[in-house]
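Breakdown of the fold
One-letter residues, chain by chain:
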Amino acid sequence: MAGADRERPGGVVDSPAVSAVPVEHVDELQAYAAEVAACTRCRLAQGRTQVVFGAGNPRAELMFVGEAPGFHEDKQGLPFVGQAGKLLEKLLAGIGLSRQDVYIVNTLKCRPPGNRDPQPDEIEACESHLFRQIELIQPTVVATLGNFATKLLSGRPLGITRVHGHEQTTTLGSREVVLYPLYHPAAALYTPAMLKVLESDFARIPELLGRALVPEPELALVAEPAPPAQQLGLF
Ligand code: SF4
């Protein structure tokens, strides 16, 4: 998207794609971002630099959900700003999209100290923020990036190596969406084979966006052994 992009409070980006969005809708998302910026529902509020609400097109059809802000995200207030973010941008460009066409969030809005895994009570405290974002943005497809977001939003214990590239219809908050699990870009940064899989899974996104909600496919999936409680990693 050339030229006119402009960052607004709450990570809302004005762009040509956004100009068709009703002003009151953008205002509602901005108002919610301002509300969440002051959230102290869980202990992660104590160590954060700032809440990382999310960024992108407030009426995106495609939403990406990662795990939690890392060091750079916490400092800059934007999700996916490091190397993984750059790879995400490349993958988007490969299907004719940019960051301004989609909305990018994390499950947790505040950085866990030392990038440790989020605790169950922190996830419980924060998940309503994610569901409210989904209700306001109204995406058709929600792509989870990595194991953590995939297991949480699918409600299944199946690991990303089993479910990546397999869409399912599910309800998040009050919205029915196509949930589409993908490897986390960080996992593909230094693993060419995984990058190929990620590219191939990305290539199906336009098809999913063009489709109405589909019945959940029969997945011949085998549950992975339950991971240790603290090991809900990216891969
Ligand atoms: S992680 Fe979520 S629930 Fe916890 S303080 Fe941050 S915004 Fe609030």
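What you see is a predicted model, and the numbers here were worked out from it, not measured in a lab.

1. Quick notes on the site of the ligand
Lining the immediate surroundings of the ligand are C39, R41, C42, L44, A45, R48, L108, K109, C110, A125, C126 and H129. Broken down by secondary-structure element, the contributors of at least two residues to the shell around the ligand are α2 (44–47) and α5 (120–137). Class assignment for the residues of the shell around the ligand results in eight nonpolar, one polar and three charged.

2. Details of the sheet that holds strand β8 (residues 175–182)
Within the open sheet, the six strands sit side by side as β3-β5-β4-β6-β8-β7. Their pairing is mixed. Every other strand in the sheet has two partners, leaving β3 (55–56) and β7 (168–172) as the edge strands with one partner each. Pairing geometry for β7 and β8, over five bridges, is antiparallel. Its bridge partner lying in β8, Q168 is registered against L179. The sheet strands contacting α5 are β4 (62–66), β5 (103–106), β7 and β8, and the helix crosses β4 at an angle near 170°.

3. Structural notes on the confidence of the model for the protein
As a note on interpretation, predicted positions should not be read in detail where pLDDT is low. Of all residues in the protein, 79% have pLDDT values of 70 or greater, and the mean over the chain is 85. A low-confidence stretch, residues 1–19 stays under pLDDT 50, and its non-local contacts, those more than four residues away or across chains, total 46 contacts. Throughout residues 212–235 the model reports pLDDT below 50, and contacts reaching past four residues in sequence, or to other chains, amount to 47 contacts.

4. Observations regarding the pairing of β7
Across a regular strand the side chains alternate sides, sitting on one face of the sheet and then on the other. Counted residue by residue, β7 has four buried out of five residues, so it is predominantly covered. Connecting the antiparallel pair β7 and β8 is a turn made up of two residues, with G173 showing a positive phi of about 65°.

5. A word on the packing of aromatic side chains
Applying the stated criterion across every chain yields a total of two aromatic pairs. Between F64 and F202, the ring centres sit 5.8 Å apart and the planes meet at 15°, which makes this aromatic pair stacked. Pair noted here: F64 is in strand β4 and F202 is in helix α9 (residues 192–202), with a separation of 138 residues, a long-range link. Each member of the pair, F64 as well as F202, carries the same accessibility label: buried.

6. Points about the nonpolar core
One finds M63, Y103 and V142 to be the most contacted residues of the largest nonpolar core, which totals 30 residues. Listing elements by their share of this core, those giving two or more residues are α1 (23–36), β4, β5, α5, α6 (147–154) and β8. Per element, the largest residue contribution to this core is seven residues, and it comes from α5.

7. A word on unusual backbone geometry
If you check the backbone angles, F80 has positive phi at about 55° while not being a glycine. Secondary-structure assignment places F80 in the loop between α3 (71–76) and α4 (83–94). In this structure F80 comes out as buried when scored by relative accessible area, which is 6%. We note that N115 has phi near 60°; this positive angle belongs to a residue other than glycine. Relative to the elements of secondary structure, N115 occurs in the loop between β5 and α5.

Reading the values: the criteria
- Residues numbered from 1 in each chain as written.
- Predicted model: local features only at pLDDT ≥ 70, side-chain atom pairs only at ≥ 80, totals over all residues.
- Heavy atoms only, no water.
- Near = heavy atom within 4 Å.
- Helix = DSSP H or I, 4+ residues; strand = E, 2+ residues; numbered from the N terminus.
- Nonpolar A, V, L, I, M, F, W, Y, C, P; charged D, E, K, R; others polar.
- Pairing = 2+ DSSP bridges.
- Contact = heavy atoms within 4.5 Å.
- Axes fitted to C-alpha atoms, helices over the stretch in contact; angles between N-to-C directions.
- pLDDT = per-residue confidence, 0-100.
- Buried < 20%, exposed > 50% of the residue type's maximum accessible area, 1.4 Å probe, protein only.
- Phe/Tyr/Trp six-rings, centres within 6.5 Å; stacked < 30°, edge-to-face > 60°.
- Core = buried A, V, L, I, M, F, W, Y, C linked by side-chain atoms within 4.5 Å.

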